[in-house]
Amino acid sequence: MNHPLDSSETLTKQALQYASILEEENALLPAPAHMKAEILEKSRRPEVQLLVRTQAVAQKLDFFLYSLRVGFAVVCALFMLTGLSRFSSNLSYFSDREAPPITGVLQHKTQEVNTYLNHVSQSIFTFEMEDLKK
């Protein structure tokens, strides 16, 4: 059975052969001499420039809004992590003193991860505050 890529490769080869035949026979028509000047003239028109600039501003605005959403999501995630670390430490205070070994290990590792994440988030915030002071 033929592989799908084999048929696309043969189509590409056939297209290239057809293009080379057209080029050799001068079957391709040259562009009109005034076409370049007309395109440049139309691109300098104010309505075209306005359209290009509004599209650029719209793209920048979309990127800004996307970055705000991502930043908000990161802040929410950090807030949830710090809140959950405090909540889990409160749970450990009320839990039984003699927990099974697996629970104790998981609790210890969770506290280590929470401490590390708190440290990272605090260092990020202090780094940003130092940049703002400069």
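Each value, and the rule that gives it
- Residues numbered from 1 in each chain as written.
- Predicted model: local features only at pLDDT ≥ 70, side-chain atom pairs only at ≥ 80, totals over all residues.
- Heavy atoms only, no water.
- Patch = residues over 30% accessible without salt bridge, like charges linked within 9 Å, V, L, I, M, F, W, Y side chains within 5 Å.
- Areas by Shrake-Rupley, 256 points an atom, 1.4 Å probe, with all protein chains shown as cover.
- Salt bridge = Lys/Arg side-chain N within 4 Å of Asp/Glu carboxyl O.
- Helix = DSSP H or I, 4+ residues; strand = E, 2+ residues; numbered from the N terminus.
- Buried < 20%, exposed > 50% of the residue type's maximum accessible area, 1.4 Å probe, protein only.
- pLDDT = per-residue confidence, 0-100.

### A few points about a nonpolar patch on the surface
And step 1. A surface patch of nonpolar side chains, about 370 Å² in accessible area, is lined by Leu-61, Phe-64, Leu-65 and Leu-68.
And step 2. Structurally, Leu-65 can be placed in helix H3 (residues 46–94).
And step 3. Its relative accessible area of 39% is what places Leu-65 among the partly exposed residues.

### A look at the confidence of the model for the protein chain
And step 1. Residue-level pLDDT values for the protein chain average 78, and 75% of them are 70 or greater.
And step 2. Averaged pLDDT values over the elements of the protein chain bottom out at 76 in helix H4 (residues 101–133) and peak at 90 in helix H2 (residues 35–43).

### Notes on the pattern of salt bridges
And step 1. Counted by the stated rule, this structure contains 1 salt bridge.
And step 2. The shortest N-O distance in the salt bridge between Lys-109 and Glu-112 comes to 3.9 Å. Note that Lys-109 and Glu-112 are positioned in helix H4 at a spacing of 3 residues, about one turn of the helix.
And step 3. Classification of Glu-112 by relative accessible area gives partly exposed; the value is 39%.

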